[in-house]
Amino acid sequence: MFCDLADSTALSVKLDAEDMRDISMRYQTCCETVVKRYNGYIANYLGDGVLVYFGYPTADEHDPERAVRTGLEIIEAIRSLDAHPDVKLHSRVGIATGSVVVGDVLGSDSAQQRAVVGETPNLAARLQALAAHDGLVISNETYRLVGGLFELTDLGEHDLKGFDHRVQAWQVVSDQAMDSRFAARRQGIELTPLTGREEEIGVLKRRWQEALSGSGQVVLLSGEADIGKSRLAEELEEIATADMARCLRSYCSPYHGNSALYPIINGLQRRAGIRRDMSVEEKLDRLEATIEAAGLDTASVAPLYADLLSVPADKRYGVLEISPQKIKDNTLAALINQIKVQSAAEPLLLLIEDLHWVDPTTLEYLDLLIDEIKSHRVLLLASYRPVFEPSWTHLPHVTTLPLSRLSTKTIEDAVINVAGKPLPAEIVRQIVEKSDGVPLFIEELTKSLLESEYLTDAGDRYVADLPLPSFALPETLQDSLMARLDKLAPVKEVALIGSVIGRQFSYELLSSISEMNEHDLEDALRQLVESQLIFRRGTIPAAIYSFKHGLVQDAAYNSLVRAKRQRLHARVAEAIETKFASQITDQPEILAHHYEAAQLTRKAITYLRAAGERFIQRSANTEAINHLEHARELLGKLPKSAERDEDELPILLLLGAGYTMSKGWATVEAETIYHRAKMICERSEETLEHFPVYLALHRFHALRGELKQSDAVGERLLAQAKLSDDKDYQLPANVAHGYNSLFLGELKRAEKHLAEGVSYYAPDQHQFWIARWGEDPGIVGLGFGALTQAILGNTKNAVALNEASLNAARASSHQFSIGFSLWIATQVEHVLGNTERVREIAEDLLKLSLEQNFLAWLGHAMIMRGWALCLTGRGDEGLQSMRDGLAGELGAGALAHRTQYLALLGEALGSLGNPEEGLKEITGAEEVMAKTAEGYAEPEIYRIKGELLAQSGGASTAVRQCFADAIEAAERRKAKAWELRARQSLKNFG
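Here the structure is a predicted model, which means the values were calculated and not measured.

## Describing the pattern of salt bridges
And step 1. Applying the stated criterion across every chain yields a total of 52 salt bridges.
And step 2. With a shortest N-O distance of 3.2 Å, E746 and R749 are connected by a salt bridge.
And step 3. Classification of R749 as partly exposed rests on a relative accessible area of 23%.
And step 4. With a closest N to O distance of 2.7 Å, R943 and E940 form a salt bridge. In this pair, R943 and E940 are both assigned in helix α42 (residues 938-951), three residues apart and thus about one turn of the helix distant. The same class applies to R943 and to E940, which are both buried.
And step 5. One network of salt bridges, with partners in common, ties together E836, R839, E843, R865, R874 and E877.

This is the structure in structure tokens:
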């Protein structure tokens, strides 16, 4: 707030220096008196101006309102100031609201002041210059926060020096006669539907019905700030109004806790329409009209009410010649009698809000009133925060109704109510997390996002068209939350450090960062817990603390100067590294967060990579991708260099594994990642560090059906592994070359390499390959070894290796590897002819894929399950499952196994009596085989083609040729299982 003596004030006589000094001193004293009353902070005097801060050094939830009331009272006080016989003083006030950073003390002695960074003080000064004599002008942000508490005039937009945009200004005319703070602040704003308070509304309705019957009721509505007490009162008022009741509303004030009967006086003035600028006669006339309308005796009541409102009434009513105590007793009796008389004529709803700020005399009045109303048509609803302890809870007609926070489901419903349509799930999750079930917080956070640039209206819903950052705390809550911290100024520093650590923090970590001694730290934490800003679980030194609201943490965190914030983040990260080693392993993303906030980028990248690797090993692929993409983003901000490229390689490999597991084997994202990795490798001399890159490229090409390319890469991997003489590399190199040989139909070569690879497998030693490759290569080797043995006709070996693959996967607890082992088991059981077993395993795989969002396995599961269903009498369901699975596989870019899957689809169509459609799928399989050189299913393609031709009445020579081609291909590939099937088909045909 900026206030000065109006420039246009004219002095009709020349004043000497002493007169001017005296006027200046009286002016300053006047300002100081008012500012002190409202807990403002006078920053400094600038000539005849004074700069006042609200919210520093101690914030208050009503700072904007306090500033405006201070300004109005200063104007009134200066206008009434008898400064000099020949001088009439006027003043002007400007008020702006916004965030500033308050730094160190500048200057010395009386010239000392705090350095302030921010445009808010400058804006206040510019607005003051717009004001007329005895005028008060506020900024648009102040206007938004004080709402309907004051009568305002729109001054339009103005060009102000120092601002590159036009500034909206408002003139404050007077106090606004609103029934409540809630109503004032929500003036002109449509209330959102009340959500999650059905039980409380039910209680209020029942108590209201009892009051209507003449059994007066009291409801004590308690709850923390912003939990929705006023909103429930509004709802009850609507219910009462519908029953033709009168509502008398009053509220206590944080500034008038020692002003006797303040809420009663304020309510009476509003209902009578009495304003400060009225003459005494006008005030008395309005007061009498109100008394008469209430059905009271004017002669006896008017003098008491006039005295209560400090309206001089001696000339009209004479002097009240009774003691002050008797005046008080009579006044309280008159006020209570008014309630009784009015309730006889019409039901009454009495609302009194914010009892935690109540004055002692109002409490005395309530003691009397609550006892009297029990036999009248009155419901008294009194709201307060838990710090207030009412003394009426034992009375039979008093109901205590505490408000708790909303549940997660209710919050989600409330968000939709505020937004009018669904929001993205991630945004709703953040609102749930930060709002902690506090209705006002939910509404403000939702509206803040709706007004931001991050959401786009897509008709029936909102979509996020930008990556959503940690969104800023809405300014309508900032003062409220900081007030709770600033009231504990001596221990605020502990809360600030805690806010940097996170929503939850341990005593051990806090004590390792704080510079307080043990006794002072424990005392500070005790005060914070007693203030209910934070909660404690357990006892020191094992105690865990958490902020009551996520938004309280945000408020504390945002109040820190950036440089201090960075230093604290660095100290937190260093403390975790040196003293809490388990957190490095369990939550590397926490360290990444602190190092990034400390602007120690390389360390942040290191821990983001570690987090990505950890989540991939847990099959939490979405989380892994998010951390790894963020690591790449940070890496991209560093200067280009060979070192940066080398740092990027392991991140790319992890990303490739994450995209493969979450989106499919040959997804576009994986292609981009692997090609980038290959480009980095080709820029530098080949080393063993590049081995994982080529291993990933091998798999990518193989699963895209680019088998000749993957075969060449496989030879390269084998050469690198042999040169290294490292068994850790022999395992994946041989397994990769082995399954590629299987795809090509070179079964004996596949058998050799898969067996050699598995011979190096030590499950406890090779888990690191999961992060580098996305799977356990030993499990892959065992699985493909089982399939190779099954096709070769070695049933016993196939069953043993298949069981070993399944057991190793389950022992690893790596969900994606379990998915592989289940899929390979469906293939093995298919070759062995166990159709029902194929269905059972495929359904297990389908369930796992849906639970873990494994698109890579989902298509495989649907195809194999569908085939089994078709062959066991559930054709319609099975056929749709197969088609959906094939569409999903092709959509992901994968061609591996497509020859076999199309052949199976052809066989399924034949089993359903549609061989002609089946032959079309066989043609498709032959085309894919020609394109990819995938040959392991070649004998089956020819055999099924022969069966379909025979079923459709094709020429016997053509049928026999198909079976002969199947036998020849099987013999060439040493595929004994396929050969036996082909010979049986030929025998059956005759």
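Okay, back to it.
## Thoughts on the packing of aromatic side chains
And step 1. Considering all chains together, one arrives at 18 aromatic pairs under this definition.
And step 2. A ring pair is formed by F388 and W392, whose centres lie 6.4 Å apart and whose planes are at 45°; its orientation type is tilted. W392 shares its class with F388; the two are buried.
And step 3. An aromatic cluster is built from Y739, F743, F784, F816, F820, W823 and W857, whose rings are joined through pairwise contacts.
And step 4. Across from the ring centre of Y462, 5.3 Å away, lies the NZ or CZ of K421, which sits over that ring.
And step 5. Over the ring of Y694 we find R716; its NZ or CZ atom is 4.0 Å from the centre of that ring.

## Points about the packing of helix α34 (residues 777-792) against helix α35 (residues 795-812)
And step 1. In contact at an axis separation of 8 Å, α34 and α35 are set at 160° when each is read in the N-to-C sense. In terms of axis orientation, α34 runs roughly antiparallel to α35. The hand of the α34/α35 crossing is left-handed. Residues I779, L782, G783, G785, A786, Q789 and A790 of α34 touch α35, and the partners they reach there are N797, A798, L801, N802, A804, S805, A808, A809 and S812.
And step 2. Split into classes, the residues belonging to the contact of α34 with α35 amount to nine nonpolar, seven polar and no charged.

## Quick word on the packing of helix α38 (residues 855-871) against helix α40 (residues 898-911)
When two helices pack together, their arrangement is given by the angle between the helix axes and by the axis-to-axis distance.
And step 1. Contact geometry for α38 and α40: axes closest at 9 Å, N-to-C directions at 25°. As the angle between them shows, α38 and α40 are arranged roughly parallel. By crossing handedness, the relation of α38 to α40 is classed as left-handed. Between α38, through H860, I863, M864, W867, C870 and L871, and α40, the contact on the second element is made entirely by Y901, L904, E907, A908 and S911.
And step 2. Its residues assigned to classes, the contact of α38 with α40 comprises eight nonpolar, two polar and one charged.

Definitions and cut-offs
- Residues numbered from 1 in each chain as written.
- Predicted model: local features only at pLDDT ≥ 70, side-chain atom pairs only at ≥ 80, totals over all residues.
- Heavy atoms only, no water.
- Salt bridge = Lys/Arg side-chain N within 4 Å of Asp/Glu carboxyl O.
- Buried < 20%, exposed > 50% of the residue type's maximum accessible area, 1.4 Å probe, protein only.
- Helix = DSSP H or I, 4+ residues; strand = E, 2+ residues; numbered from the N terminus.
- Phe/Tyr/Trp six-rings, centres within 6.5 Å; stacked < 30°, edge-to-face > 60°.
- Lys NZ or Arg CZ within 6 Å of the ring centre and 35° of its normal.
- Axes fitted to C-alpha atoms, helices over the stretch in contact; angles between N-to-C directions.
- Parallel < 35°, antiparallel > 145°, perpendicular 65-115°, else oblique.
- Left-handed = near helix turned anticlockwise from the far one by under 90°.
- Contact = heavy atoms within 4.5 Å.
- Nonpolar A, V, L, I, M, F, W, Y, C, P; charged D, E, K, R; others polar.

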